[in-house]
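Structure assessment
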Amino acid sequence: MSESQGGPSVERMTPAGSAGVAVLLVTGRAAVQRLREAFSRELPRRGEIAYGLLQGLASAAEVAAEVPAEVYDEVLVVRAAPADHAAEDEAFEVHVHGSPFLVAEIARRLDPASGPLRASSGGGSNKADFRERALALVPGAPSVLGARVLLDQAGGAMDRALQDLRAKSPAERRATLAELARRGRGLERLFRETTVAIVGPVNAGKSTLFNVLVGADAASVSSEAGTTRDALSERARLGPWPVRFLDTAGERDLSLAAAAGDARALVEQEGQRIGADLSSRADLVLRLVSALDAVELPEPRAGVVVLLTQAARSHGLDSSAWPAGAVSALEDPDHARRTVEGSFCEALGLDRSGPLWTAGEAVPFDRRSIEILDSAAGLSEVTDTVLDELARSL
């Protein structure tokens with residue numbers, strides 16, 4: 001539909017939301033002229049493609065104030081002839097990076113008189129909105145606190161937070177969006193289980209610690225090496241955080257016995273293989289080293305927490321005298337749980353300084369929403385147009 005027919009001069013051809021590339025259809029003399037002024041090269045002829053920068057899209061107020069032109073994006077421009085445009089009209093597809101806020105702002109600058117950016121007849125989004133996604137996750141939430149947070153989001157907590165932003169200054173808007181994204185990153189493990197694998201040599205106290213952490217005698221405990229020959233899995237909580245603990249087979253060299261056809265060694269060796277595979281895919285690994293063994297502790301590395309076990313047997317029963325990271329699950333299970341919880345939070349960057357969440361607070365509960373908020377917070381200016389697009393994109 002041409003501009004003279006009253007149709008929008010900038011339309012979104014691709015679905016709303018975050019994506020690698022978004023396509024805008026620019027038609028109508030005024031919008032095409034602004035595109036011509038903003039594009040760093042000549043606009044292409046029919047059937048051609050031009051690559052360049054989209055820049056200098058200044059508003060009248062910015063021109064009057066002599067605000068320097070800024071570069072918005074590297075874009076591809078394709079001259080098109082949609083069937084519903086008159087032959088004499090110009091039509092261009094502008095392919096931009098798909099941040100919804102960048103797309104909305106470019107559209108607003110190309111067509112200042114337009115309202116919210118609309119999708120063309122072939123566009124639209126097939127995603128459920130923020131409230132619907134939150135409500136759908138409630139039945140399967142792995143923690144009570146996670147379910148409460150999700151229910152608040154389903155009840156409109158994010159909508160209210162975004163509406164409140166309209167009364168704030170530009171700087172406050174950016175800071176609030178950044179805080180929302182930070183809050184989401186800090187709480188995202190409430191909405192999914194974190195897998196923690198317990199690994200180490202035979203008789204390092206893995207099964208004893210596992211039983212303490214899950215609150216049940218799920219794993220057999222024995223001084224006989226190789227008692228655990230398979231990986232055991234149990235759900236539990238560390239504070240408010242839902243966790244799935246894995247108890248793996250003890251590490252020891254079984255190559256000679258397995259090569260000789262020892263059936264027990266072959267079974268245990270397969271258990272070791274399973275444990276190694278599961279621990280390689282775990283969110284966090286607790287590597288246990290017995291204080292009774294005169295060995296050097298492994299070097300710390302990302303995703304691995306080293307614990308010195310059976311500390312009471314080598315350092316006495318007073319846990320305050322134990323080295324940092326030392327536990328003795330059999331003699332002091334409460335201390336072992338506190339130590340593991342502290343190490344868990346520190347390794348994963350989880351806040352323990354105060355209340356995790358206050359009823360009514362907005363929380364982006366999935367990675368997609370967090371990335372959208374991060375993207376908006378990174379803009380030089382969070383306009384009302386950006387807030388409109390943010391509400392639609394979430």
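Summary of the structure given here. Every value quoted in this text rests on a predicted model; they were computed, and no experiment measured them.

**Digging into the nonpolar core**
Core analysis: the largest hydrophobic core is formed by 59 residues, its most contacted members being L177, F245, L286, F344 and L390. Those residues within four positions of F344 in sequence are excluded, and the remaining contacts are T194, V196, L238, W241, V243, L284 and L350. By size, the runner-up hydrophobic cluster in this structure holds 22 residues, among which are F39, L43, L54 and V96.

**Here's the deal with a nonpolar patch on the surface**
A grouping of I49, Y51 and L76 is seen on the molecular surface, where their side chains present a nonpolar patch of about 300 Å² in accessible area. By the element assignment, L76 lies in strand β4 (residues 71-80).

**Here we look at the side chain of D332**
Inspection of the secondary structure assignment puts D332 in the loop between α11 (311-315) and α12 (333-348). Buried charged residue D332 carries no salt bridge. Nearest counter-charge: R338, at 5.2 Å. There is a polar contact of 3.2 Å between the side chain of D332 and the backbone nitrogen of H335. Sequence-distant contacts of D332, defined by excluding residues within four places in its chain, comprise S319 and W322.

**Topic: the sheet that holds strand β10 (residues 284-290)**
Spatially, five strands are ordered β8-β9-β7-β10-β11 in an open sheet, and the strand pairing comes out mixed. Edge strands, defined here as strands with exactly one partner in the open sheet, are β8 (232-238) and β11 (304-309). Each neighbouring strand pair of the sheet contributes to a mean axis angle of 25°, computed without reference to strand direction. Relative to β11, β10 is paired through six bridges, and the arrangement is parallel. When the sheet's bridge partners are listed, L288 is paired in β11 with L307.

**Structural notes on unusual backbone geometry**
With phi around 60°, N203 is a residue other than glycine that occupies positive phi space. When you line up the elements, N203 lands in the loop between β7 (194-199) and α8 (206-214). Residue Q310 is not a glycine yet carries a positive backbone phi of 55°. Here Q310 is to be found in the loop between β11 and α11.

**A short note on the environment of T14**
Summarising the element assignment, T14 is placed in the loop between β1 (10-12) and β2 (21-27). The exposure class of T14 is buried, given its relative accessible area of 19%. Residues T14 and L25, eleven residues apart in the sequence, show an inter-C-alpha distance of 9.8 Å. Look past the residues within four positions of T14 in its chain and what remains in contact with it is V21, A22 and V23.

**Quick word on the packing of aromatic side chains**
Applying the stated criterion across every chain, the model contains two aromatic pairs. With centroids separated by 4.8 Å and ring planes inclined at 45°, the aromatic side chains of F130 and F365 adopt a geometry described as tilted. Note that F130 is positioned in helix α4 (residues 130-137) and F365 in the loop between α12 and α13 (367-377), a separation of 235 residues in sequence. Here the two residues F130 and F365 agree in accessibility, since each one is buried. Relative to F365, the ring of F191 has its centre 6.5 Å away and its plane inclined at 80°; by these criteria the two rings are edge-to-face. With F191 in the loop between α7 (170-187) and β7 and F365 in the loop between α12 and α13, the pair connects residues that are 174 residues apart, well separated along the chain. Like F365, F191 is buried. Each member of the aromatic cluster is reached from another via a ring pair, and the members are F130, F191 and F365.

**With respect to the pairing of strand β9 (residues 241-247)**
Taking burial as the measure, the seven residues of β9 include six buried ones, the bulk of the element. Pairing analysis gives five bridges linking β7 to β9, with the strands arranged parallel. Across the sheet, residue T194 finds its bridge partner in β9, namely V243. Where β8 and β9 come together, seven bridges link them in antiparallel fashion. From the neighbouring strand, L232 faces β9, where its bridge partner is D247. Hairpin connection between β8 and β9: a loop of two residues separates the two successive antiparallel strands, and G239 in this loop has a positive phi of roughly 65°.

What counts, and at which threshold
- Residues numbered from 1 in each chain as written.
- Predicted model: local features only at pLDDT ≥ 70, side-chain atom pairs only at ≥ 80, totals over all residues.
- Heavy atoms only, no water.
- Core = buried A, V, L, I, M, F, W, Y, C linked by side-chain atoms within 4.5 Å.
- Buried < 20%, exposed > 50% of the residue type's maximum accessible area, 1.4 Å probe, protein only.
- Contact = heavy atoms within 4.5 Å.
- Patch = residues over 30% accessible without salt bridge, like charges linked within 9 Å, V, L, I, M, F, W, Y side chains within 5 Å.
- Areas by Shrake-Rupley, 256 points an atom, 1.4 Å probe, with all protein chains shown as cover.
- Salt bridge = Lys/Arg side-chain N within 4 Å of Asp/Glu carboxyl O.
- Helix = DSSP H or I, 4+ residues; strand = E, 2+ residues; numbered from the N terminus.
- Lys, Arg positive; Asp, Glu negative; His and termini not counted.
- Polar contact = N/O pair within 3.5 Å; in protein donor to acceptor, adjacent residues only side chain to side chain.
- Pairing = 2+ DSSP bridges.
- Axes fitted to C-alpha atoms, helices over the stretch in contact; angles between N-to-C directions.
- Phe/Tyr/Trp six-rings, centres within 6.5 Å; stacked < 30°, edge-to-face > 60°.

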